[in-house]
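Working through the structure, step by step
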Amino acid sequence: SYQPVHRYDLHLPLQVNGNTCNVYVAYRPGLRDFLQRVAHKFEIVIFTASVSVYCEPLMNHIDPKGALGSGRLFREHCSSVNNSYVKDLSLLGRPLDQVCIIDNSPVAYLFQPRNAIPILSWFDDANDRELTKLLPTLDAMANAPTVYDVLDEYNAVIQEQAAKDGSADPHRAPPQQPSRSSRH
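Below, the discussion takes up the pairing of strand β2 (residues 19-25). Bridge count for strand β1 (residues 10-16) against β2 is seven bridges, and the pairing is antiparallel. Bridge pairing in β2 places H11 opposite Y24. Once β1 ends, the chain turns through two residues before running back antiparallel as β2, passing N17 with a positive phi of about 50°.

Put into structure tokens, the structure is as follows:
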């Protein structure tokens, strides 16, 4: 937000076009624990539709020791499709069966929906636990040969839940943990 909110974790005074722009950032509950846990299991790349002038200082504050690595892609790395920003995972130069994206916008992963872990948008709910809910799925993915071994079932459950609930957008349905497969 450009205005101070009742609860924020970080104030970033940014220089934009010679002017100071004050940005107030609130962290989603569980963010630090989530990042710490996934950083030990995965290569982390921050891929955002935000501009680098904002995201670089934000990430430097969230991860001052560089534990998440240096991979960062910004708005200029996104593809513009119908005035929306799409994150093309092929830009990472990694086999796509080893890559997943966690995003609140289905448009962001339009090119590789099979690689997506949808997450609900967050605005200011102190009781939000969406990041924590993702950890078992990510743990399973860390032990799977490909991300598709976990994500195909995970996203099928989301689609099924959305159909059952009558949700217009299946990615807005609350993610549920898929059942465990018998494969070890």
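Structurally, D9 is set in the segment before β1. Residues D9 and Y27, spaced 18 residues apart in sequence, show a C-alpha to C-alpha distance of 6.3 Å. When residues no more than four places from it in sequence are discounted, the contact partners of D9 are V25, A26 and Y27. Only 3.2 Å separates the side chain of D9 from the side chain of R7, close enough to count as a polar contact. In this structure the side chain of D9 is engaged in a polar contact, spanning 2.5 Å, whose partner is the backbone nitrogen of Y27.

So, about a nonpolar patch on the surface. A grouping of V16, V51 and V53 is seen on the molecular surface, where their side chains present a nonpolar patch of about 180 Å² in accessible area. Position of V53 relative to the elements: it lies in helix α2 (residues 52-62). Relative accessible area serves as the criterion here: at 38%, V53 is assigned to the partly exposed category.

So, how was this worked out
Residues numbered from 1 in each chain as written. Predicted model: local features only at pLDDT ≥ 70, side-chain atom pairs only at ≥ 80, totals over all residues. Heavy atoms only, no water. Pairing = 2+ DSSP bridges. Helix = DSSP H or I, 4+ residues; strand = E, 2+ residues; numbered from the N terminus. Contact = heavy atoms within 4.5 Å. Polar contact = N/O pair within 3.5 Å; in protein donor to acceptor, adjacent residues only side chain to side chain. Patch = residues over 30% accessible without salt bridge, like charges linked within 9 Å, V, L, I, M, F, W, Y side chains within 5 Å. Areas by Shrake-Rupley, 256 points an atom, 1.4 Å probe, with all protein chains shown as cover. Salt bridge = Lys/Arg side-chain N within 4 Å of Asp/Glu carboxyl O. Buried < 20%, exposed > 50% of the residue type's maximum accessible area, 1.4 Å probe, protein only.

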